[in-house]
There are 2 protein chains.
Amino acid sequence: MTAPLPATFAALADPTRLSILNRLAQGEATVNDLAALFPISQPAVSRHLKVLEEAGLIERRIDGTRRPCRLNPQALAPVRGWISELERVMEMNFARLDALLATPERTDNAPDT
Amino acid sequence: MTAPLPATFAALADPTRLSILNRLAQGEATVNDLAALFPISQPAVSRHLKVLEEAGLIERRIDGTRRPCRLNPQALAPVRGWISELERVMEMNFARLDALLATPERTDNAPDT
DNA sequence: TCGTTATATAGCATGAAGCTTATATAATGA
DNA sequence: TCATTATATAAGCTTCATGCTATATAACGA
């Protein structure tokens, strides 16, 4: 259910949706709960929830006429993973640069093709 | 220099910009380097870089007529932080729920002091 | 100074996102 | 079955992001 990274980030790029997620960290909430909490209409909330659901960030269950939402705790793992990978690559290249600079007698300026 | 979270996420929401960041993890690159790497025009790359810079995700230096970009390693810390906080709150509430369910004789709806 | 290279900006077209109101669907309860 | 409540969808509007081409600016080298 984890969406591609750009889609996940797009879902996170809206302040209202971030607030919704922050709220959901405290536990389930229905569409109307959320609509009461934010200064936008109920249809607007429904759309935000759809975006969040399609990004895999929330899940919903059916309780009579209600459809309470809750966070999907795993959805943010790819984000963590991407950041970690980015930092890993970055440090790898810092390390290489350091190694290069640590051998000053050999200024190996590889002639850029 | 760290932008508000929604702005950061918005900057990360574009596939081309994500690719640019991935590339920059390996080291500096100029606008033209990047323009050659992706199937979009140089002006389009310039705009993407502007977005990334305004989000604090990259920094630039001046080298003659070039303006090489590099990652700002600190920019993603708030993202990590937000995720951690979200998970913290979530687990806190799981714990409270567990505690509640573990004491069935005492349905202590403690009004939080 | 002049031509070249590197980057930025302007102007425009297009498509997507977000909002609203109005309405449809679905489950509940009398 | 009918009214009510909860949520979803439709239609329309506005704003914004992205891409392009054309052009401006800036630094360099001769």
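The structure this text deals with has already been given above.
Residues numbered from 1 in each chain as written. Chains lettered and ligands numbered in written order. Predicted model: local features only at pLDDT ≥ 70, side-chain atom pairs only at ≥ 80, totals over all residues. Heavy atoms only, no water.

Some details on the packing of aromatic side chains
The way to describe two aromatic rings as a pair is by their centre distance and the angle between their planes. Within this structure, the stated rule accounts for three aromatic pairs over all chains. An angle of 25° between the planes, with centres 6.0 Å apart, marks the rings of A:Phe9 and B:Phe9 as stacked. Placement of the pair is A:Phe9 in helix α1 (residues 5–12) and B:Phe9 in helix α1 (residues 5–12), with the two residues belonging to separate chains. On the accessibility criterion, B:Phe9 (0% relative accessible area) is buried. Feature note: the residues A:Phe9, A:Trp82, B:Phe9 and B:Trp82 constitute an aromatic cluster, connected by ring pairs. (Phe/Tyr/Trp six-rings, centres within 6.5 Å; stacked < 30°, edge-to-face > 60°. Helix = DSSP H or I, 4+ residues; strand = E, 2+ residues; numbered from the N terminus. Buried < 20%, exposed > 50% of the residue type's maximum accessible area, 1.4 Å probe, protein only.)

Quick look at the relation of the copies chain B and chain A
If you rotate chain B by 180° and push it 0.0 Å along the axis, it lands on chain A with an RMSD of 0.1 Å. Such a combination of rotation and displacement between the chain copies is what one expects of a two-fold axis. The rotation axis passes nearest to the C-alpha of B:Phe9 in chain B, at a distance of 2.6 Å. When you check the interface residues of chain B against chain A, 100% turn up at the interface there too, and the contact is symmetric in its surfaces. (Least-squares fit on C-alpha atoms with pLDDT ≥ 70 in both. Contact = heavy atoms within 4.5 Å.)

Let's talk about the protein's contact with DNA strand C
Neighbouring DNA strand C are 21 residues; A:Ser41, A:His48, B:Gln42, B:Ser46 and B:Thr65 lie closest to it. Of what DNA strand C places within 4 Å of the protein, 73% of the atoms are sugar or phosphate. One of the backbone N or O atoms of B:Asn32 is found 3.0 Å from a phosphate oxygen in DNA strand C. Measuring from a phosphate oxygen of DNA strand C, one finds a side-chain N or O atom of B:Arg60 at 3.1 Å. Those elements giving two or more residues to the surface near DNA strand C turn out to be α4 (42–54) of chain A together with α3 (31–37) and α4 (42–54) of chain B. Considering each element in turn, the surface near DNA strand C owes the most residues, four residues, to α4(B). Class assignment of the residues belonging to the surface near DNA strand C gives a composition of six nonpolar, nine polar and six charged. (Near = heavy atom within 4 Å. Polar contact = N/O pair within 3.5 Å; in protein donor to acceptor, adjacent residues only side chain to side chain. Nonpolar A, V, L, I, M, F, W, Y, C, P; charged D, E, K, R; others polar.)

These figures come from the coordinates and say nothing about function on their own.
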